[in-house]
Amino acid sequence: MSRIREIFCDAQELTITWENASVSRLQAIWLRDHCQMPSSRNPDNGQRLLNITDIPLDVGIKQASLDGDRLIIEFSPDGHRSEFSLDWLLQNCYCLNRQYDDRSEADKILWHGGSFGQALPRCAYSAFCDQPRSKLAALQAVRDYGFVLLDAVPCESGQILKVIEKFGYVRETNYGPMFEVRTKIDPNNLAYTNLGLGCHLDNPYRDPVPGLQLLHCLDSSTEGGESILQDGFMAAKVLRDESPDHFLMLSQHRLNFRFRDECADLQSRVPLIEVNDLDEVVKVRFNNRSIDTIKLPAELMERFYPAYRHFAEILERAGLQLVFKLQPGELMLFDNTRVLHARKAYSAAGTRHLQGAYSDLDGLYSSLRLLEASL
Ligand code: OGA
Ligand code: ZN
């Protein structure tokens, strides 16, 4: 039985009515550009061989017909012939499929401080290493919730870099491949004191910002020093619900971020809330320590501050924050474009030592897709 009810075409456009009544309307030039034949695509790696400028300016559809589960198209004016499988057309049709990436809020599960009860997304490190299904679930937690906790990661210096190698690549920075989070004398960053740190995302002054952060607890015998995580996409949604104008102000205007010490002077200009072309949130940035001088057109400044303050106030709401104390051997892996982190101040007595490192989301998503396809 045919999976297609009807096909209709004129020179410019092919219209397919599928058996479930959904409709694909495909432009002639798009079909020619996406030709899957060996003359247009390398059959081994699927990469496109032709350039858009190789396609005649007046390309059209001369005729289209069905042959079993394949659609045959003959193009004018050059008589080029393409075959498309119906599976390919269904999976790639731009009318039937979402056009945007999997980073947006539309594909995430938003959460607040009480969403998980006692059951935080967690995975034993041994299972992460040895059991593909456990690893997949952990990577899916990062995709869906923006974080996962790994338990019983060996408390050895540098172990964090081995963890990254299990799913992606270390993103080295001016702090080196990894950094030590403990109290230092004359620190270049307030993270290296025993002060509390408000909710923030790391390194908004980098371009591009590291998509993933890891913090591995090696020692924790101080009073205080609890960790806080918070869903920045949820906070942005709350802002949009409470004040669409404030949301627009923060998503449409950019701020300068900067980090400077003797070895580095890093600068960026980016919005606090980044949206895609459907106005869905795809990234948040917030870091009180590294916002540089705020420079906006004079007529915007008066309206900017209430929006900025509103967002900051939402980020301080206890109800949105997940609070827990990282124990030695625990490692948190989180999406640094979505999940904010913070820590409470801690006592001078005792020792608190974390190691931190960065990685990028593309490597993690790649491992996730390969695992999903293989299981
Ligand atoms: C950091 C940081 C949090 C902590 O180093 O980026 O935010 O728990 N540290 O010490
Ligand atoms: Zn931080």
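Residues numbered from 1 in each chain as written. Chains lettered and ligands numbered in written order. Predicted model: local features only at pLDDT ≥ 70, side-chain atom pairs only at ≥ 80, totals over all residues. Heavy atoms only, no water.

Q: What am I meant to see in the sheet that holds strand S18 (residues 331-335) here?
A: Note on sheets: strands pair through backbone hydrogen bonds, and any given pair is parallel or antiparallel. Sheet architecture is open: six strands sit in the order S7-S8-S18-S11-S20-S9, paired in mixed fashion. Looking at which strands have only one partner, the edges of the open sheet turn out to be strand S7 (122-124) and strand S9 (179-181). With direction set aside, neighbouring strand axes in the sheet form an average angle of 25 degrees. (Pairing = 2+ DSSP bridges. Helix = DSSP H or I, 4+ residues; strand = E, 2+ residues; numbered from the N terminus. Axes fitted to C-alpha atoms, helices over the stretch in contact; angles between N-to-C directions.)

Q: Which parts of the structure should I look at to understand the site of ligand 1?
A: Around ligand 1 lies a shell formed by Phe179, Val181, Ala191, Leu197, His200, Asp202, Gln213, His341, Arg343, Arg352 and Leu354. Taking arginine 343, its side chain carries an N or O atom lying 2.8 Å from an oxygen atom of ligand 1. Its free accessible area being 290 Å², ligand 1 has 98% of it covered by the protein chains. By residue class, the composition of the shell around ligand 1 is five nonpolar, three polar and three charged. (Near = heavy atom within 4 Å. Polar contact = N/O pair within 3.5 Å; in protein donor to acceptor, adjacent residues only side chain to side chain. Areas by Shrake-Rupley, 256 points an atom, 1.4 Å probe, with all protein chains shown as cover. Nonpolar A, V, L, I, M, F, W, Y, C, P; charged D, E, K, R; others polar.)

Q: Explain helix H4 (residues 132-144) to me, please; I cannot follow it from the model alone.
A: In an α-helix there are 3.6 residues to a turn, and that puts residues three or four apart on one side. Its 13 residues place the ends of H4 18 Å apart at the C-alpha level, agreeing with the 18 Å of an ideal helix rising 1.5 Å per residue. Regarding H4, the residues found buried are Ser134, Lys135, Leu136, Ala138, Leu139, Ala141, Val142 and Asp144. Against S7, helix H3 (125-130), strand S8 (147-151), strand S11 (212-220), S18 and helix H9 (361-374) lie the buried residues of H4. Following H4 by one or two positions, glycine 146 has its phi on the positive side, about 90 degrees. (Expected span 1.5 Å × (residues − 1). Buried < 20%, exposed > 50% of the residue type's maximum accessible area, 1.4 Å probe, protein only. Contact = heavy atoms within 4.5 Å.)

Q: Would you explain the nonpolar core in this entry?
A: Note that soluble globular proteins tend to have their nonpolar side chains buried in a common cluster. In terms of nonpolar packing, the biggest core is built from 57 residues, with Leu229, Leu250 and Ile273 touching the most fellow members. Top element by residues in this core is helix H8 (residues 298-315). It accounts for seven residues. Excluding residues within four positions of it along the chain, isoleucine 273 makes contact with Ala236, Leu239, Phe247, Leu250, Ser251, Val281, Lys283, Val284 and Phe311. In this structure, Ala127, Ala141, Val153 and Leu364 belong to the second largest nonpolar core, which totals 28 residues. (Core = buried A, V, L, I, M, F, W, Y, C linked by side-chain atoms within 4.5 Å.)

Q: Would you explain the domain arrangement of the protein in this entry?
A: Segmentation of the protein into domains returns domain 1 (4-92) and domain 2 (105-374). Computed over C-alpha atoms only, the centres of domain 1 and domain 2 are separated by 44 Å. (Domains from an automatic or database assignment.)

Q: I would appreciate a short explanation of H8 in the present structure.
A: Under the 1.5 Å per step criterion, the end-to-end length of H8 is 26 Å for 18 residues, consistent within 8% with the ideal 26 Å. At phenylalanine 304, H8 shows its strongest bend, of approximately 35 degrees, with the proline proline 306 following within four residues. Listed in full, the buried residues belonging to H8 are Leu300, Phe304, Ala307, Tyr308, His310, Phe311, Ile314 and Leu315. (Bend = angle between axes of the 7 residues up to and from the residue.)

Q: It is not clear to me how the packing of aromatic side chains should be interpreted in this structure. Could you clarify?
A: Think of a pair of aromatic rings as described by two things: how far the centres are apart, and how the planes are tilted against each other in angle. Taken as a whole and judged by the stated rule, the model has 17 aromatic pairs. Ring geometry for phenylalanine 304 versus tyrosine 305: centroids 5.5 Å apart, planes at 80 degrees, classification edge-to-face. Under the relative-accessibility criterion, phenylalanine 304 is labelled buried at 2%. Between phenylalanine 304 and tyrosine 308 the ring centres are 5.3 Å apart and the planes differ by 25 degrees, which places this aromatic pair in the stacked class. Of the two residues, phenylalanine 304 and tyrosine 308 are both situated in helix H8; the distance of four residues between them amounts to about one turn of the helix. An aromatic cluster of three or more residues is present, and its members are Tyr175, Phe179, Tyr205, Phe259 and Tyr358. Residue placement shows lysine 184 over the ring face of tyrosine 192; its charged tip is 3.8 Å from the ring centre. Residue placement shows arginine 240 over the ring face of phenylalanine 247; its charged tip is 4.9 Å from the ring centre. (Phe/Tyr/Trp six-rings, centres within 6.5 Å; stacked < 30°, edge-to-face > 60°. Lys NZ or Arg CZ within 6 Å of the ring centre and 35° of its normal.)

Q: So what exactly am I meant to see when it comes to the coordination of the zinc ion (ligand 2) here?
A: Tetrahedral metal sites with four donors have an ideal angle of 109.5 degrees; octahedral sites with six donors have ideal angles of 90 or 180 degrees. The protein atoms that coordinate the zinc ion (ligand 2) are His200 (NE2), Asp202 (OD) and His341 (NE2), at distances of 2.1 Å. Written as a sequence motif, the donor residues of the zinc ion (ligand 2) are H-x1-D-x138-H. Pair noted here: aspartate 202 is in the loop between strand S10 (197-200) and S11 and histidine 341 is in strand S19 (residues 339-343), with a separation of 139 residues, a long-range link. Exposure class is identical for aspartate 202 and histidine 341. Each is buried. (Donors = N, O, S within 2.8 Å, 3.2 Å for Na, K, Ca; no water.)

Q: Just checking my understanding: could you explain the environment of cysteine 9 for this structure?
A: With respect to the helices and strands, cysteine 9 occurs in strand S1 (residues 4-9). On the basis of relative accessibility, which here comes to 27%, the residue cysteine 9 falls in the partly exposed class. Sequence separation between cysteine 9 and isoleucine 61 is 52 residues, and the spatial gap between their C-alpha atoms is 7.5 Å. Residues within four places of cysteine 9 in sequence aside, it is in contact with Leu14, Ile61 and Ala64.

Q: For this particular structure, what's the right way to read the side chain of histidine 310?
A: Relative to the helices and strands, histidine 310 resides in helix H8. Polar contacts involving the side chain of histidine 310 include one to the side chain of histidine 246, which spans 2.8 Å. Setting aside residues no more than four positions away along its own chain, histidine 310 makes contact with Leu239, Glu242, Ser243, His246 and Arg317.

Q: Help me understand the pattern of salt bridges, please; the structure alone is not making it clear to me.
A: Where side chains of opposite charge bring their charged atoms close, a pairing between them can arise. Applying the stated criterion to the full structure yields 20 salt bridges. Of the charged contacts in the structure, one is a salt bridge between arginine 48 and aspartate 33, with a shortest N-O distance of 3.2 Å. On the criterion of sequence distance, the pair formed by arginine 48 in the loop between helix H1 (28-33) and strand S4 (60-67) and aspartate 33 in helix H1 is long-range, its members being 15 residues apart. Taking the shortest distance from any N to any O, the salt bridge between glutamate 280 and arginine 98 comes out at 3.7 Å. Of this pair, glutamate 280 sits in the loop between strand S15 (273-275) and strand S16 (281-284) while arginine 98 sits in the loop between helix H2 (86-92) and S7, and the two are 182 residues apart along the sequence. Taking relative accessible area as the criterion, glutamate 280 reaches 13% and is therefore assigned buried. Using a relative accessible area of 43% as the deciding quantity, one classes arginine 98 as partly exposed. Among the ionic contacts, a cluster of salt bridges with common partners joins Arg70, Arg81 and Glu83. (Salt bridge = Lys/Arg side-chain N within 4 Å of Asp/Glu carboxyl O.)

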